[in-house]
Amino acid sequence: MKNPVIVIILALSALALGLGLWSWQQWQHDYQPALAVSTKFDVPRALPDFTLQDMQGQPYTRESLKGRWHLLFFGYTHCPDVCPNTLALLASVKKSLGKDAPRAVLVSLDPARDSPARLKEYVPYFDPDFLGVTGTPDALASFTRALHVPYIVGQPDADGRYDIEHSGSLVLVSPEGFIVGYLSPPFTAAQIVDDLRKMLRL
Amino acid sequence: MKSAPLSVVKCSLLAMLCALLLACGSGEPQVRGAWVREAPPGSTVNAGYLEIHNPGKTPLILQGVESPQFGAIEIHEMRPIEDRLQMHRVSSLTIAPGETLALKPGGLHLMLFRAATRPLVGQTIPFTLLFDARKVTFNASVRRDPP
């Protein structure tokens, strides 16, 4: 006689507990500040091991990214529109955020044309703090695959000119070396600044 | 004797009226906000941006762009394909009557090849738009950031 009652009570308690947890999660979820152009991971993802080369000719690895926030952008210096436009946007983001701004890194997907010397000439033009890195085609392929940043090197035309189709997204990396989120175009400097303030809790 | 000066006045008035009518009817294409991005050191290609307004009653077809400052100029368009940005050469652009076409960062742009000298902030670069039936010249200022 009593058993069914206990079962019902237990079931109701479980339901109440479930509902409580669910609404707490919803409340937590709603409490996340809304981001305009970014996707932030609930659980940051560790960067893979990689070895690239910076514009000083030094090895550039996961360790190099530690101790400071970074924004990684993937492009090449022969790109006339998206790359200079994005780097110029990041320069104005840097002006707005000052010392709190993540360090912008141009990862060149075009090692054939973008030597460290050329990156050193090109990248600091936008801001002296910005860094240019590149690597072997294999190192770039595995690094970008792990970061889900697609690119395709085009076929050269009669003049030997080629373009690279690449993502316009920015990858936000924490001072611990974890991928925290992605910022995806189209974006303005103001939108990037707002989202970074929320994600970096500035 | 008196009619001569009067006819001169009439003629000039008529000529002015004709010119005015021509100017209104021809719907001369208008270029606004033209700028060229300052070339970062060592860059081999530049981008130029502008707005073209067609105040006329017939479509305008832009078939090419020239400048004494550049060896070649192409019209390019950046299109998002999946998560990549793909660049396409566009052979011509049609601007419908009354429409304004914007060439701006992240979309349509003039791709400027083989600069005679590196474009620097403060300079002004002359361009000519080659439409199917006419040419329009304009100047673009060199800037670091969009106006």
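Up top is the structure.
Fair warning: this is a prediction, and the values are worked out from it, not measured in the lab.

Parameters and conventions
Residues numbered from 1 in each chain as written. Chains lettered and ligands numbered in written order. Predicted model: local features only at pLDDT ≥ 70, side-chain atom pairs only at ≥ 80, totals over all residues. Heavy atoms only, no water. Helix = DSSP H or I, 4+ residues; strand = E, 2+ residues; numbered from the N terminus. Buried < 20%, exposed > 50% of the residue type's maximum accessible area, 1.4 Å probe, protein only. Areas by Shrake-Rupley, 256 points an atom, 1.4 Å probe, with all protein chains shown as cover. Rg over C-alpha atoms; globule rule 2.2 N^0.38 Å. Contact = heavy atoms within 4.5 Å. Lys, Arg positive; Asp, Glu negative; His and termini not counted. Charge placed at Lys NZ, Arg CZ, Asp CG, Glu CD. Expected span 1.5 Å × (residues − 1). Patch = residues over 30% accessible without salt bridge, like charges linked within 9 Å, V, L, I, M, F, W, Y side chains within 5 Å. Salt bridge = Lys/Arg side-chain N within 4 Å of Asp/Glu carboxyl O. Pairing = 2+ DSSP bridges. Axes fitted to C-alpha atoms, helices over the stretch in contact; angles between N-to-C directions. Buried area = accessible area lost by both parts, 1.4 Å probe. Phe/Tyr/Trp six-rings, centres within 6.5 Å; stacked < 30°, edge-to-face > 60°.

## Section: the overall build of chain B
Here comes step 1: A count of helical and extended segments in chain B gives 1 helix and 10 strands.
Here comes step 2: Each helix (α) and strand (β) of chain B, taken in turn from the N terminus, gives the series α-β-β-β-β-β-β-β-β-β-β.
Here comes step 3: For chain B, with 147 residues in total, the buried portion stands at 41%.
Here comes step 4: Carbon and sulfur atoms form 59% of the exposed surface of chain B, whose accessible area is close to 8,200 Å².

## Observations concerning the overall build of chain A
Here comes step 1: Secondary structure assignment for chain A yields 5 helices and 10 strands.
Here comes step 2: For 202 residues, the compact-globule estimate of 2.2 N^0.38 gives 17 Å, and chain A exceeds it by more than 25% at 22 Å.
Here comes step 3: For chain A, the spread of C-alpha atoms along the principal axes amounts to about 90 × 35 × 30 Å.
Here comes step 4: Within chain A, buried positions represent 46% of all 202 residues.
Here comes step 5: Once local pairs closer than 6 in sequence are excluded, the contacts in chain A between residues at least 24 apart make up 73%.
Here comes step 6: When the accessible area of chain A is evaluated, it comes to approximately 10,500 Å², of which 59% is carbon and sulfur surface.
Here comes step 7: Where the 18 positive side-chain charges of chain A centre and where its 20 negative ones centre are 8 Å apart.

## Section: the environment of Leu200 of chain A
All names here are of chain A.
Here comes step 1: Along the chain, the position of Leu200 falls in the segment after α5 (189-199).
Here comes step 2: Here the alpha-carbon distance between Leu200 and Pro84, two residues 116 residues apart in the chain, equals 25 Å.
Here comes step 3: Beyond its immediate stretch of four places on either side in the chain, Leu200 contacts Trp69, Asp100, Pro102 and Leu172.

## Concerning helix α2 (residues 82-97) of chain A
All names here are of chain A.
Here comes step 1: Between the first and last C-alpha of α2 there are 22 Å, a value that for 16 residues agrees with the 22 Å anticipated at 1.5 Å per step.
Here comes step 2: Judged by how many residues are buried, α2 sits mostly within the fold: 13 of 16 residues are covered.
Here comes step 3: In the stretch just after α2, Gly98 is the one whose phi turns positive, near 60°.

## Focus: a nonpolar patch on the surface
Here comes step 1: A cluster of nonpolar side chains, Ile8, Leu12, Leu15, Leu19 and Trp22 of chain A, forms an exposed patch at the surface whose accessible area comes to about 560 Å².
Here comes step 2: Summarising the element assignment, Leu12 of chain A is placed in helix α1 (residues 2-31).

## Thoughts on the sheet that holds strand β5 (residues 103-108) of chain A
Residues and elements named next belong to chain A.
Here comes step 1: The strand order across the open sheet built from 8 strands is β1-β10-β9-β4-β5-β6-β2-β3, with neighbouring strands paired in mixed fashion. Every interior strand has two partners, whereas the edge strands, β1 (38-46) and β3 (59-61), have only one. With direction set aside, neighbouring strand axes in the sheet form an average angle of 30°.
Here comes step 2: Across 3 bridges, β5 lies against strand β6 (residues 131-134) in parallel orientation. Its bridge partner lying in β6, Val105 is registered against Leu131.
Here comes step 3: Docked against the sheet, α2 engages β4 (70-75), β5 and β9 (170-173), running at close to 165° with respect to β4.

## What about the side chain of Ser108 of chain A?
Here comes step 1: With respect to the helices, strands and loops of the structure, Ser108 of chain A is situated in strand β5.
Here comes step 2: By relative accessible area, which is 0% here, Ser108 of chain A ends up buried.

## Overview of the interface of chain B and chain A
Here comes step 1: In this assembly, 28 residues from chain B lie in contact with 23 residues from chain A.
Here comes step 2: Both sides together, the interface formed by chain B and chain A hides about 2,200 Å², and carbon and sulfur atoms give 54% of it.
Here comes step 3: Of all residues in chain B, the largest losses of buried area upon contact with chain A belong to Pro41, Arg84 and Leu85 of chain B, amounting jointly to 26% of the total for that side.
Here comes step 4: Linking chain B with chain A are 2 salt bridges.
Here comes step 5: Of the charged contacts in the structure, one is a salt bridge between Arg161 of chain A and Glu74 of chain B, with a shortest N-O distance of 3.4 Å.
Here comes step 6: For the side of chain B that touches chain A, the elements supplying multiple residues, two or more each, are β2 (45-53), β4 (70-81), β5 (84-90) and β8 (108-115) of chain B.

## Side note on the packing of aromatic side chains
Residue and element names in this part refer to chain A.
Here comes step 1: Taken as a whole and assessed by the stated rule, the structure comprises 9 aromatic pairs over all chains.
Here comes step 2: Between the aromatic rings of Phe74 and Phe143, the centroid separation amounts to 6.2 Å while the plane-to-plane angle is 45°, which identifies the pairing as tilted. Of this pair, Phe74 sits in strand β4 while Phe143 is found in helix α4 (residues 137-147), placing the two residues 69 residues apart along the sequence. Comparing Phe74 with Phe143 shows no difference in burial state: the two are buried.

## What to know about unusual backbone geometry
Residues and elements named next belong to chain A.
Here comes step 1: Between Pro185 and Pro186 the backbone carries a cis peptide bond, its omega angle lying at 0°.
Here comes step 2: Its location among the elements puts Pro186 in the loop between β10 (178-183) and α5.
Here comes step 3: One non-glycine residue with positive phi stands out, namely His148, at about 60°.
Here comes step 4: His148 gets classed as exposed once you look at its relative accessible area, which sits at 57%.

## Section: the pairing of strand β1 (residues 30-37) of chain B
All names here are of chain B.
Here comes step 1: Across 5 bridges, β1 lies against β2 in antiparallel orientation. Its bridge partner being in β2, Gln30 is matched across the sheet by His53.
Here comes step 2: As judged from the 3 bridges shared by β1 and strand β10 (residues 135-143), these two strands associate in the parallel manner. Residue pairing for β10: Val36 is matched across the bridge by Val142.

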